[in-house]
Amino acid sequence: MSTVRPDSQSQPLLQYGRKRSNTAQSLARLPPTTPAVQLKLGDSKVLNTWVHDPKESPKVILNQSWWPGVAEGDLLHVTQSGDTCGYLFTVPKDEGCPKPTLQISLPRNAADAFGMKNNTEVTVTKVDKESHSADYVELSFADQYLGRNEMWRLGKHLAGQCVFVDQDISFIGVIAAKVQSIYVKGQQVSSGYVTPRTKSIYRSLSAKVTIFIQVCRELWQFAGDGERFYEKIVHSFLPTLFSKWREAGTDHTVTIVLISRVHYDTTELEYAAGPLRRDEDGRWYKDFFKVITDLEVINDWNPTLFLLKDSFWAFQRDILLAHHYHQASVESTKPGHVRLIGQISYAHDGPILEALNLGLNPNETHYIDRSLSSTGVSTIIITPGTGYFRVSKQLLRLTTTRMLDQGFGLDLVSLAKAPLHQSPIFSFQGYEPKFDRDAKNSVRDLDPLWGGDETPNDAITREKLTFWWEPFWIGVTFWDKQMDLPFRKDRFIARAKMHEIQMLGLLEHDVLSTIEVPFLPEFRDMLVTPRDSFNDDRPPSAPEAEQADLDVFASKKENRLAVSTRTSFASSTSSTVVPSSYRTPTVTERRGLASQRISIASSRFMPIEESPRRIIMDLPPEGNEDGPVPSVTGLSTSPSQSSIRSGRSVSTTISTVATANSITPPSAASRLAKLAPSWLYNPFRSNLTAEPQPSPSTSMHNLTPTTPTPSVRVPITPNRSVTPTASISRSPQPMAIIQTASGRTTLSRTYEEEPPMAIPHRGSMSRYSPMSTPPRDELTFGKRRSTTLTSLNIPLSSTSPQSSPRTNPSRPQFAVSYAQSSLARRWEHIFPTPTYKHEVKWKSMITPACLPLTVDHFPSSAELESSCDVFSYDFVVDPTEMRSFLVKPPNVQGTVDEVRRAWALVVMRGMVAVRLAQGFQFVLRSQNSSDGKSILQRTKSFMSEENVTPKPGGAAEVLNSTRDPVYLSMSNEMHLISYTGEAIQVRRYVRRMPPTQPFDYECLIWPKLGVGYTELKTKFVSHGLENYGWNRLDMLVAGYEHQFNESLRYWRTRFVVIPSAEEPEITSWPSGEKMDEEEIRLMGIDKLAEIFTKARWQSLDERGQQLPPVRFLPTTLGPAHSVLDESLVSQLEEIHAAGPLKKKMKSEREIADMSLSAIAKAMRDDDGVPIKLHRWHRKKYPDSFTAFDFVSWLVREFRDVSSREQGTEWGAKLLDQGLFIHCAGRHGFLDGHYFYQLSGEYATVSTPSRGWFKARHTPYDDTLIGRSYYPSHPAKPAGVSPKRTRKRMILTQSMIIDVDPGKKSDLAETAILHHDIIQNPGTVFHFELQWIGTTARCIEDMLRQWSRAIERYGLKLVEAYVTEISDVRDRNAFQSCFPLRLAVPPPIVLDLEKRIPEYTQSTHYFEYALLRRFGFIIDIEAMNMYPKDVDVVYSYRRAPFEYSQFVHRSGVAFVQVLRGSQGFLFLTNRLMGAGRIGTAMKSRDRPAVAADEIRSKLQEFCSDKVALTKFYDEELAALGPDDPPPLSI
């Protein structure tokens, strides 16, 4: 390595020794130099650095003449003296430096990040790219919707660049992200080089976060530090979380919900009203959910914490004492008295999965009402429990499927200490999966969750067993914050709690002396003769007992011996048989996971006897092919269960399964527990994953009888044996305080001889016992169970039924089953470093990660063949026939094959983009594919064709050419896309899975603004992609299809243009004429039409053609009455037909040659200007025409008028010449919806009416008409017969728009625009955007431009809900409308229609007037408001609205008008969040606050009988007279 220091004087010297000057002239006269030797790694040079503005150049400027030998592409490391971390950059092409004295210049953002100042010395070193190549780059982004297609393109854009921490990343000028961290070989660095194989992790600062807080019995108990668990939530955890959100600058939309389950006795069912449900054990229960915050962006969380604390205090009263559902909406008589009924469940019985599914429901349709300012979903569950839950198998399977499909994880925060068993853990009842000896089982068929489905005869022939299952989609955090007891690996912390004994005050009566905890039996080597000192009838001495405790509980350093990877995990585990007496008639699963209820038989405190916790579930020894060896008495089906005995029980026993006589030291597992990276890292390495594997058929599992050994004696009662498949009691079993039969104290023990017992060496089982395991620094995925299954294609040699994989929570193994690890790999690439269970997962809860783009697992060919159905299709790439608006045509010239290949590449990229958007991931080449001897490679059939086809090493390597196929994977579906030379072929592998049945669910929910619990009925359904129309979508991408279909799950969002309450900025026409507010708003709507026209996308065939501009039809009529206006309808026909600007092919007339009378005569012709009766605000203008129609006629008919501007000029001339006048005499000639009449001698009668009531054909059919094809499927109304007589009117237009007019993006950024045609300046104008694969930031930037353009005209652009607000609860159970009842129903006026002006809505007349008083305007009319003989079609509405809907002029709230005296439904517009379209408010949470103020005022008014009565009287007085005067003729 050489170091050179150039200072400003180190220029080459002349032959006379004179120093060369630094001027550019003298530098130019330097003699030619010999080519410099290329730099070697480690060469460095000290240079003087400058700092420049990033706008000048975002990269480093290096004057290469100062360091000869530097070559393009070299990776250089810039450091200051004494610093090891520095800035990396690659040398660009040498194009010379205009500033000769400049040596190196850094962009200001990089210089500030590394503390480098201007005009200082830095050391520049050439370094190796491989050693500085980033493995992972974490990027954070805020206030935008970053789709997965954009993530892929951004990663490709970064490949080959150097990045540093806190660097702002900009891509195509619209995507912005910040580098949070960089990882190189597992180490976090300050800068790194991004390669195509670098994995990008995207973390959102603006996510939708749902926090569930479980309310259970333990919530009010004391933790070990004396604080109640609910106090831990509101005093420590949530304040810490919120403060970290604030420090990180997050902008999350948060929902907080309290969840609880209440069990009822059968005697309480009659009183317990509401949706009662029954669990698998026959217990009745109801689930309660109380919403604390509802989709809110909050800065100050203190009021929320106060509300939360109050809710905890009132929660039990509300659900146990008060009536159980909201009576306000149900007409019923209240009972005479209120009873206290029900019991809140323990933590492990809580509705965890139910709450999670309620939160998943709105995410199933995340593409509807798509927010353009938030990305990602995070769910946090806070529980006082330990992470153990008893659940339904059906619901657990459904939940796992939905979590995999949606790609979200769950953060579980446990307020308890880390338990001694695996956590989180679910237990469920199910049947043993059946093994098919013909090897027809798929991998998942043998998993207890995915297999073991019920058949009709199961209830008779098979018994349900209890299975324990570890969810791979949960990350657990134990929030046990104790400053005086920090985490230490070697400290044993007791986990037993006696809360109820403490609360009863029993400890004050010296009850501890009567609690009997028998000694654990002596564990000895099976092959060693029992010690003589331990006779059958002698209790162990105190030293022996102490030594036994030390052997079992003390942490020991073990010799770590390597275990060959060829050793089967299943045969390397040992277990023991310890038979003794057994008394409990049923076995509970409670163990020590929850506090037990205590039954006190009398006032005497009898001894509590507790058996050893050495109870192992009824599993065969792992690796035993001969099936389970029955024990002497019976098996406990609950692992690690301390025998909690019912009131009838007076004795307990232990029984475990048989053991192997050959013991393999568990050294590999112990070592891996410390060295393996993570539970979401370890199993992804093939040498740590136990795929279904063959066990040696020669394994020995002989039982070695030994001499009798002493057993703990408990009071003697007759034994009762329990079969291994004993049913599990789901009810809590109380701990009985009993007295021994002889009345002796706990010290007077007796022992009796028991049957023979096989006792292994005590060290062989110590690490699996929960009592001997201290809180360990355990990896989240470490120490997992191993499978006991033999290989799928090798028949079992045993005749006994083969056991399925069973988890023992108290005996954690380091391997994970293949079925689970293959699914868990979906989240593999968001963990650059290990995560440990004892750590708080702050990163996940503060900045939730998006589903990674890549996964390195793909099923083997044998698994695909045995487990999947294959579907394939292909389509020819024909560039001459492709008319796709979803891909940008390639700019390529060459042979036909080259053009076809270029088209195939862009189409394949488009096909990949839409699959990424649906949750697919790229399959990468496995990191361990070259190991050769991995555990996965158990048989030839499983790995016979694995990795034969090349796969990319990173997402940026995908589709660089059409040569390599693309592999994409989802949980149950894999796609292979390839190009064959002429066609693109798609092969789909769909895994054969048992059908996921919908789960019907009922519960009670207290909404945010509610006053009680309301009943909710919903259904949990998995909307998988198995039946997705991939073929149609690919045809759409390729350009052979042109319509979106509802099954394609395209993104959509609806917007409304509202006349705002603010004064318009513009007050006059460009010519200077003064305009009123209504005319200015009409100008704004015309401006929007002009914007739409400019944004229209044209295909290659249409470019250069003049298409008719977008035109809106102004009216003052409401939506329901406008369809009756013949003038409007005729203009509507024109728009749907050829268009008003279509020039006649043989137009020879010139208006300059015509007289005024000739012009007037031409206007009256059949194809002239429509002269008819016009209405505006109840005024009639007979024999009038609009300026818009007149200008359109001029452009269409006359050769010398080629534009609307020229037509407007001619209109002004003719007005000055007296051909016509403005009807109101207020304006000159203005192109628009202004009424004019022929004057004087030119006046004439109206042209014949050509309404749609006549025989003229109206081209309304099921597809939209016009040049703008690709409509959205206007569906036919259900139940309408083909021979209908109703007139069909399409009131919208559709067209494709270009959302990237500046062409910054590398893709075709298009969307489909649906907009209204008829527009009332006093109401709302609607349009909807629909897209697939378009960059959302381009759409948002376009919408902001539109919003700014129309704000000057007093119009406001606001995002609105696609469907009506009364259905919002069907999509999101925690969001609901607030009912506003009218204290006085509206008066009934029999002749109301006669007394109100023409074309005024008489239905809900008073409700409409009341809403107008509070600033609401009509949004969408209910379908029953339209005339019966008109079939109205809006292309963007999927279903008719049941209730009329209003929107506030500020856009912050919606109201629907109910029928009768029910009043209104009020909903805050949560789509109008902070920083979004239409929010020009200073405070970030102002929209929600403003909506709440409006709701409060409206509610107060609707509840005030006096105010309502006065309002009705005022409205009645404003009506016309009861009996109108007779007409005068």
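This structure is a prediction, so every number in the text was calculated from the model and none was measured.

Enquirer: Where do I start with helix H20 (residues 1077-1095) in this structure?
Expert: Side chains three or four residues apart in an α-helix point the same way, a direct result of the helix having 3.6 residues per turn. Between the first and last C-alpha of H20 there are 27 Å, a value that for 19 residues agrees with the 27 Å anticipated at 1.5 Å per step. Listed in full, the buried residues belonging to H20 are Glu1079, Ile1080, Arg1081, Leu1082, Met1083, Gly1084, Ile1085, Leu1088, Ala1089, Ile1091, Phe1092 and Ala1095.

Enquirer: Please clarify how the sheet that holds strand E52 (residues 1325-1331) should be interpreted in this entry.
Expert: For sheets, the rule is that strands pair by backbone hydrogen bonds, running either parallel or antiparallel. Sheet architecture is open: 5 strands sit in the order E49-E50-E52-E42-E53, paired in antiparallel fashion. Edge positions in the sheet fall to strand E49 (1292-1298) and strand E53 (1355-1360), since each of these pairs with one other strand and no more. Ignoring strand direction, the axes of neighbouring strands in this sheet form an average angle of 25°. Pairing analysis gives 6 bridges linking strand E42 (residues 1051-1059) to E53, with the strands arranged antiparallel. Within the sheet, the bridge partner assigned to Arg1054 lies in E53 and is Ala1360.

Enquirer: Whenever I open this one, the pattern of salt bridges confuses me. Can you help?
Expert: A side chain with one charge can pair with a side chain of the opposite charge if their charged atoms come near. Evaluation of the coordinates by the stated rule reveals 34 salt bridges. Arg197 is paired through a salt bridge with Glu957; the nearest N and O atoms lie 3.3 Å apart. On the criterion of sequence distance, the pair formed by Arg197 in the loop between strand E13 (191-193) and strand E14 (199-204) and Glu957 in the loop between helix H18 (940-943) and strand E37 (966-969) is long-range, its members being 760 residues apart. You can call Arg197 partly exposed: its relative accessible area is 46%. Of the residues examined, Glu957 reaches a relative accessible area of 26% and is grouped as partly exposed. A salt bridge links Arg991 to Glu863, with the shortest nitrogen-to-oxygen separation between them at 3.1 Å. Residue Arg991 is found in strand E39 (residues 983-991), and its partner Glu863 is found in helix H16 (residues 861-867); the two are separated by 128 residues along the sequence. Taken together, the shared-partner salt bridges connect Asp279, Arg283, Asp349 and Arg390 into one network.

Enquirer: Which parts of the structure should I look at to understand the sheet that holds strand E36 (residues 921-923)?
Expert: Taken together, 6 strands build an open sheet; the order of strands is E34-E36-E37-E38-E39-E35 and the sheet is mixed. The open sheet has two free edges, formed respectively by strand E34 (854-855) and strand E35 (868-876), since each of these has just one partner strand. Direction of pairing for strand E38 (residues 973-979) relative to E39: antiparallel, over a ladder of 7 bridges. Bridge assignment links Glu973 to a residue of E39, and that residue is Val990. Most of the contacts of helix H17 (residues 896-917) go to E38, to which it runs at about 170°, and overall it touches E35, E36, E37, E38 and E39. Sheet strands in contact with helix H19 (residues 1030-1038) are E35, E38 and E39, and its direction is about 25° off that of E35.

Cut-offs applied
Residues numbered from 1 in each chain as written. Predicted model: local features only at pLDDT ≥ 70, side-chain atom pairs only at ≥ 80, totals over all residues. Heavy atoms only, no water. Helix = DSSP H or I, 4+ residues; strand = E, 2+ residues; numbered from the N terminus. Expected span 1.5 Å × (residues − 1). Buried < 20%, exposed > 50% of the residue type's maximum accessible area, 1.4 Å probe, protein only. Pairing = 2+ DSSP bridges. Axes fitted to C-alpha atoms, helices over the stretch in contact; angles between N-to-C directions. Salt bridge = Lys/Arg side-chain N within 4 Å of Asp/Glu carboxyl O. Contact = heavy atoms within 4.5 Å.

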